[in-house]
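One letter stands for each residue in the lines below.
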Amino acid sequence: MDESKQGTSYIESEVVVPEGMKLAYIETYGCQMNFSDTEIVASVLKDMGYGFTSNEHEADLVFINTCSIRDNAESKVWKRLKNFRKQKSDNPGLMVGVLGCMAERLKTKLLDEEKLVDLVVGPDAYRDLPRLLDEVEGGQRSVNVLLSREETYANIAPVRLNSNGVSAFVTIMRGCDNMCTFCVVPFTRGRERSRDPYSIVEESRQLYDQGFREVTLLGQNVDSYKWSPDDSLKGKAQINKAEAKGEEIDVINFAQLLEMVANVAPDLRVRFSTSHPKDITDDVLHAMAKYKNICNYIHLPVQSGSSRVLELMNRGYSLEWYKQKVDRIYELIPDCAISTDIITGFCTETEEDHEKTIEVVNYARYSHAYMFAYSERPGTPAAKKMEDDVPEADKKRRLAEVIKLQNEISRERNLADVGKEFVVLIEGNSKRSEHDWCGRNDQNKMIVFPKQGDLKPGDYVIVKVKDATSATLLADMVSAEVQW
Ligand code: SAH
Ligand code: SF4
Ligand code: F3S
């Protein structure tokens, strides 16, 4: 999943805070789903009468929405919690809570051993926040890390306080049933379940009415989305069981959901993440080809180019299968951009295996990649059954090699766009200058161009690319007349 946003996010509030209103400060780490969850948490807190601040020192309540995916993601949070312990000694009324994926993994350590926090709340327990905060205010420490087979927060309208007002995340499913051996997510987020598609369409429609022009449908494995109107069939496992028994049940799959959301408005862009190579179907690719507003961009994590390593990772596909998927994508959607996630130095990975990863990077010609050295996670199948035997120095060197190659490819691909015209959705000022707009094209590439005419974020324009780096395309505006 796209972790470009990894780090901190501050909920900004321009609103004047009424006297006596309690203020919450939320910091978010990890993937887009965690950022999306923070918007659910904000909604629950807002209903409780909380306001929001981007200044941790004026907060009555501090929440850290945490990530466990790699060791360094957790280390950052421990550091922050120690900071907040200091702040608490100056302000004993301050409540500090840990939310999200570390809550599941480390509840005992957080609450009892280190005594760093007042409450620990897992990703399926955010509706319980009013009760939990009540307990804390009553002087107790409180915890709810129960994982659910049903919770999708379908009827909670996320509060988009730190939004650009143009693009929004919409979570369409929770949990993961895949059990990739390196991955902690099935343990921190529980079983896979899909959200009611009508609530997804409704949320997208409301976003459109509020001026948003892009939704990104989020799930750990969106291609596995499957929803049944039958109330007794909530989790993915239950639906699969009923289907295996030959029962005739109505289901809506991901390709159908994509079309439903694409039909909300022709100028509402639809993106999605993450696709799993074993599950993405031709139907999804056909839907992308059919609808102009479904963006031609697929995040298709490969993890490794070696079929032997992929098998050990329990990814459910071989290198050949993956390459065929890549071929099929370029065949049905020739201008599609594909990005990926790669892990270097997984258990037993040899130099030959690593060479195969280099090969697949060359083969797929990704527009972008998120690349990581393997970090063993306690409790995962790999930690239990395999030895983390690739020396750290080798993991790092292999990672540097993959990063170097991918940067060259990203740059080449971007330079190949020079002279081409693209439709861009304006997101806001460019980071470097308020005289430039920035926004993305269909393929999710960031494009920067000088401001011209009377335009605003949320408008579509046509631009022509004049130069490129490995990360950004530089362009000039051609026209503000975009046909849908
Ligand atoms: N659901 C997504 C992945 C979510 S985690 C998928 O199946 O692709 C995001 C990325 O973090 C993964 O794709 C993987 O590349 C990386 N990752 C997960 N566990 C890791 C670990 N133990 N060490 C290093 N990287 C890891
Ligand atoms: Fe983790 Fe695999 Fe699920 Fe992705 S598909 S969240 S890598 S278990
Ligand atoms: Fe996401 Fe990290 Fe949890 S990547 S699902 S926040 S472990």
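Anything mentioned here points back to the structure above.
Just so it is clear, the structure is predicted and the values come from calculations on it, not from any experiment.

*Asks:* Help me understand the nonpolar core, please; the structure alone is not making it clear to me.
*Replies:* What tends to happen in soluble globular proteins is that the nonpolar side chains get buried as a cluster. Grouped together as the largest cluster of nonpolar side chains are 71 residues, with contacts concentrated most on Leu 217, Phe 254 and Phe 272. Looking at this core element by element, the count peaks at six residues for helix H8 (residues 254–262). Those residues in contact with Phe 272, other than ones at most four positions away along the chain, are Thr 216, Leu 217, Val 222, Phe 254, Leu 258, Val 284, Met 288, Ile 294, Tyr 297 and Ile 298. Counting residues in each nonpolar core, the second largest holds 24 residues, with Ile 26, Val 41, Leu 119 and Val 121 among its members.

*Asks:* Hey, could you run me through the sheet that holds strand E3 (residues 61–66) in this one?
*Replies:* In sheet architecture, strand pairing relies on hydrogen bonds along the backbone and comes in two forms, parallel and antiparallel. Judged by pairing direction, the sheet is parallel, and its six strands sit side by side in the order E2-E1-E3-E4-E5-E6 without closing on themselves. Two strands in the sheet have a free side with no partner beyond their single neighbour: strand E2 (51–52) and strand E6 (142–144). Two elements, strand E1 (residues 23–28) and E2, share two bridges in a ladder whose sense is parallel. In the sheet register, Ala 24 faces E2, and the bridge partner there is Phe 52. The strands touched by helix H3 (residues 101–113) within the sheet are E3, strand E4 (95–100), strand E5 (119–121) and E6, with E4 carrying the most contacts at an inclination of about 140°.

*Asks:* Where do I start with the site of ligand 1 in this structure?
*Replies:* Near ligand 1 there are 17 residues, and of these Gln 220, Pro 301, Gln 303, Asp 341 and Ser 375 occur at the shortest range. In the environment of ligand 1, an oxygen atom lies 3.1 Å from a nitrogen or oxygen atom belonging to the side chain of Arg 70. Take Gln 220: an N or O atom from its main chain is 2.8 Å from a nitrogen atom of ligand 1. If ligand 1 stood free it would expose 540 Å²; the protein chains cover 95% of that surface. The residue inventory of the shell around ligand 1, partitioned by class, reads eight nonpolar, four polar and five charged. Mapping the shell around ligand 1 onto the domain boundaries places at least three of its residues in each of domain 2 (163–295) and domain 3 (297–416).

*Asks:* Just checking my understanding: could you explain the packing of aromatic side chains for this structure?
*Replies:* Aromatic rings considered in pairs are described by the distance between their centres and by the relative angle of their planes. Taken as a whole, this structure holds eight aromatic pairs when the rule is applied. Aromatic side chains Tyr 126 and Tyr 153 sit 6.0 Å apart centroid to centroid with 15° between the ring planes, which places their arrangement in the stacked category. Here the residue Tyr 126 occupies a position in the loop between E5 and helix H4 (129–137), and Tyr 153 occupies one in the loop between E6 and strand E7 (167–171), the gap between them amounting to 27 residues. Judged by its relative accessible area of 1%, Tyr 153 is buried. On the basis of an interplanar angle of 65° and a centroid distance of 4.6 Å, the ring pair of Tyr 460 and Trp 484 is categorised as edge-to-face. Here Tyr 460, found in strand E20 (residues 460–468), pairs with Trp 484, found in the segment after strand E21 (472–479); they are 24 residues apart in sequence, far enough to count as distant. Given the relative accessible area of 8%, Tyr 460 is considered buried. Taking relative accessible area as the criterion, Trp 484 reaches 39% and is therefore assigned partly exposed. An aromatic cluster is built from Phe 182, Phe 346 and Tyr 374, whose rings are joined through pairwise contacts.

*Asks:* Hey, could you run me through the environment of Val 270 in this one?
*Replies:* Relative to the helices and strands, Val 270 is located in strand E13 (residues 269–273). Counting along the chain gives 28 residues from Val 270 to Ala 242, while the straight-line C-alpha distance between them is 31 Å. Not counting residues within four places of it along the chain, the set of residues in contact with Val 270 comprises Val 215, Leu 217, Leu 258, Val 261, Ala 262, Asn 293, Ile 294 and Cys 295.

Criteria and cut-off values
Residues numbered from 1 in each chain as written. Chains lettered and ligands numbered in written order. Predicted model: local features only at pLDDT ≥ 70, side-chain atom pairs only at ≥ 80, totals over all residues. Heavy atoms only, no water. Core = buried A, V, L, I, M, F, W, Y, C linked by side-chain atoms within 4.5 Å. Buried < 20%, exposed > 50% of the residue type's maximum accessible area, 1.4 Å probe, protein only. Helix = DSSP H or I, 4+ residues; strand = E, 2+ residues; numbered from the N terminus. Contact = heavy atoms within 4.5 Å. Pairing = 2+ DSSP bridges. Axes fitted to C-alpha atoms, helices over the stretch in contact; angles between N-to-C directions. Near = heavy atom within 4 Å. Polar contact = N/O pair within 3.5 Å; in protein donor to acceptor, adjacent residues only side chain to side chain. Areas by Shrake-Rupley, 256 points an atom, 1.4 Å probe, with all protein chains shown as cover. Nonpolar A, V, L, I, M, F, W, Y, C, P; charged D, E, K, R; others polar. Domains from an automatic or database assignment. Phe/Tyr/Trp six-rings, centres within 6.5 Å; stacked < 30°, edge-to-face > 60°.

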